[in-house]
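Inside the fold
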Amino acid sequence: MDLTGALGTADGRRSSAVYFGFEEFMVQADGGIGNVTSNTGLVEMAMAYSRSRILCAAARLGVADALGDEVRNVSYLAETCQADADALYRLLRALASIGVTEETSPEHFRLTSFGKPLRRDVPGSVWASVVFWADLLADSWSLLTDCVRTGKPAAQVRDPKIPSRWSQDPEADSIFRAVMGTAPAEDYAPIAEAWDFSRAKVVADLGGGGGSLILAVLRLNPYLRGMLVDLGPSVEAAKARFAKEDPSSRCELIVADLTQLVPAGADVYMIKHVLHGRRDAEAITILRNCRAVVPQDGRLLILEFILPPVVSHADPQLEGHLMSDLNMLAVTGGKERNERQWKALLEAAGFVLTGVHAVGGDNLMVRNVGIVEARPA
């Protein structure tokens, strides 16, 4: 088909719509999108995936590891990354345009300080996070329209003949564990400071992943003992960390499936960013298992984003929580909730909501997290 003819104007001139390159969309004297639409903001949002995809490609190909601390030519990188040399050169130039790499001379690149965390072998590596968000979860987000149409997660609306990215990646589970709960314990200090643990003796962290939260609580409360409760692989992965960071063995590591039982033995139970991944019925099941073991004078602390009852205006911080809400819809079928919804779940499980506490600080790990406090009814 002749696109020039198909997209030509009435007087025979070729319409500018035939140019499908990003230049036509992005380059204008005013920095706008071009003649596709006057609403530049919406189209810029629509095109925002481009950075995510080039970062994902760089991470999957191992570009940062191949560069290391050296200046490398494209031929070397193509061989190391097992990629087409011309295509890789084009990717490297795009990475240079966003500050991840730098072209020091024609077809020679090095990694910038900004791009260094893409390496898998450096402290503070973000390789797992980039793959987790830009590949494994993006696969579910690609089905968001069907998720919204049906109210079901991507796993239930996906064509069964098309495997998910998660199922195809043998490292998927380890990537998940690397992303969740492995930040330094001090990053969770604002949570440990936001609630008074002075009357507690044993604090349990349910679904605590790598143990960052319970370690933060124990550090600020030296008289406490702790329990880290999670599935077997997560507990196994946390053992080395606790051997190093909890030399006095104040925290017991316990394997349990919270949908089946919650271990007894604590007077305060914390559960952070677990219930938002569950539908209401599943969340109530876990809460009832908590109700079975929380002492009458004990407390349950649910740490989650607390949505407002009404979203009346644009809000960059709230946007993140609402994106998390849609992420739960697409990936797990769960949801973020407002205070009224948390109150209803707690009452259905035999708890009384006793307060909602804000967590202070600007740390990204805890920003705008709320502590929903409950006691047995």
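Residues numbered from 1 in each chain as written. Predicted model: local features only at pLDDT ≥ 70, side-chain atom pairs only at ≥ 80, totals over all residues. Heavy atoms only, no water.

Right, let's get into the overall build of the chain. Along the chain, the regular secondary structure elements total 18 helices and 11 strands. Counting all 377 residues of the chain, 42% fall into the buried class. Contacts in the chain between residues at least 24 apart in sequence constitute 65% of all its contacts with a sequence separation of at least 6. Accessible area for the chain stands at about 19,900 Å²; split by element, carbon and sulfur atoms hold 54% of it. (Helix = DSSP H or I, 4+ residues; strand = E, 2+ residues; numbered from the N terminus. Buried < 20%, exposed > 50% of the residue type's maximum accessible area, 1.4 Å probe, protein only. Contact = heavy atoms within 4.5 Å. Areas by Shrake-Rupley, 256 points an atom, 1.4 Å probe, with all protein chains shown as cover.)

Another aspect to go through is the packing of helix 8 (residues 127-141) against helix 12 (residues 172-179). Between helix 8 and helix 12, the least distance of the axes is 9 Å, while the angle of their chain directions is 120°. Of the possible angle classes, the one that applies to helix 8 and helix 12 is oblique. Relative to helix 12, the crossing made by helix 8 is left-handed. Residues Trp127, Ala128, Ser129, Val131, Phe132 and Leu136 of helix 8 touch helix 12, and the partners they reach there are Ala172, Ile175, Phe176, Ala178 and Val179. Looking at the contact of helix 8 with helix 12 residue by residue, the class counts come to 10 nonpolar, 1 polar and no charged. (Axes fitted to C-alpha atoms, helices over the stretch in contact; angles between N-to-C directions. Parallel < 35°, antiparallel > 145°, perpendicular 65-115°, else oblique. Left-handed = near helix turned anticlockwise from the far one by under 90°. Nonpolar A, V, L, I, M, F, W, Y, C, P; charged D, E, K, R; others polar.)

One pass over the full model with this rule turns up 6 aromatic pairs. Ring plane angle 65° and centroid distance 6.0 Å describe the contact between Tyr89 and Phe109, whose orientation is recorded as edge-to-face. Remark: Phe109 occurs in strand 3 (residues 108-111) and Tyr89 occurs in helix 7 (residues 85-97); sequence separation between them is 20 residues. Of the residues examined, Tyr89 reaches a relative accessible area of 18% and is grouped as buried. Between the aromatic rings of Trp195 and Phe197, the centroid separation amounts to 5.0 Å while the plane-to-plane angle is 75°, which identifies the pairing as edge-to-face. Phe197 gets classed as buried once you look at its relative accessible area, which sits at 2%. Counting every residue linked through ring pairs, the aromatic cluster contains Phe132, Trp133, Trp166 and Phe176. The ring centre of Tyr89 lies 4.6 Å from the NZ or CZ of Arg93, which sits over that ring. The positively charged end of Arg337 is found above the aromatic ring belonging to Trp342, 5.1 Å away from the centroid. (Phe/Tyr/Trp six-rings, centres within 6.5 Å; stacked < 30°, edge-to-face > 60°. Lys NZ or Arg CZ within 6 Å of the ring centre and 35° of its normal.)

Another point: the confidence of the model for the chain. Confidence in the prediction of the chain, expressed as mean pLDDT, is 89, and 88% of residues score 70 or more. Here residues 1-35 is a poorly scored stretch, pLDDT under 50, and it has 42 contacts once near neighbours within four places are set aside; other chains count. (pLDDT = per-residue confidence, 0-100.)

Bringing the environment of Ala200 into the picture now. Residue position: Ala200 is located in the loop between helix 13 (189-194) and strand 4 (202-206). Considered as a pair, Ala200 and Arg299 are 99 residues apart in the sequence and their alpha carbons are 9.2 Å apart. Non-local contacts of Ala200, meaning those with residues more than four positions away in its chain, are made with Tyr223, Leu224, Asp267 and Val268.

A word on the sheet that holds strand 2 (residues 101-105). Read from one edge of the open sheet, 3 strands run 1-3-2, paired in antiparallel fashion. Both outer strands of the open sheet, strand 1 (72-73) and strand 2, are each paired with one neighbouring strand and no more. When strand 1 meets strand 3, the two strands line up antiparallel, connected through 2 bridges. Paired with Asn73 across the bridge in strand 3 is His108. On the sheet, helix 7 packs against strand 2 and strand 3 and is oriented at approximately 110° with respect to strand 2. (Pairing = 2+ DSSP bridges.)

All right, on to unusual backbone geometry then. With the exception of glycine, most residues fall at negative phi, and the peptide bonds are largely trans. A positive phi angle, close to 65°, is found at Glu107, a residue other than glycine. Residue position: Glu107 is located in the loop between strand 2 and strand 3. For Glu107, a relative accessible area of 41% puts it in the partly exposed group. A positive phi is found at His273, a non-glycine position, where the angle reads about 50°. Turning to its location among the elements, His273 is positioned in the loop between strand 7 (268-272) and helix 16 (280-291).

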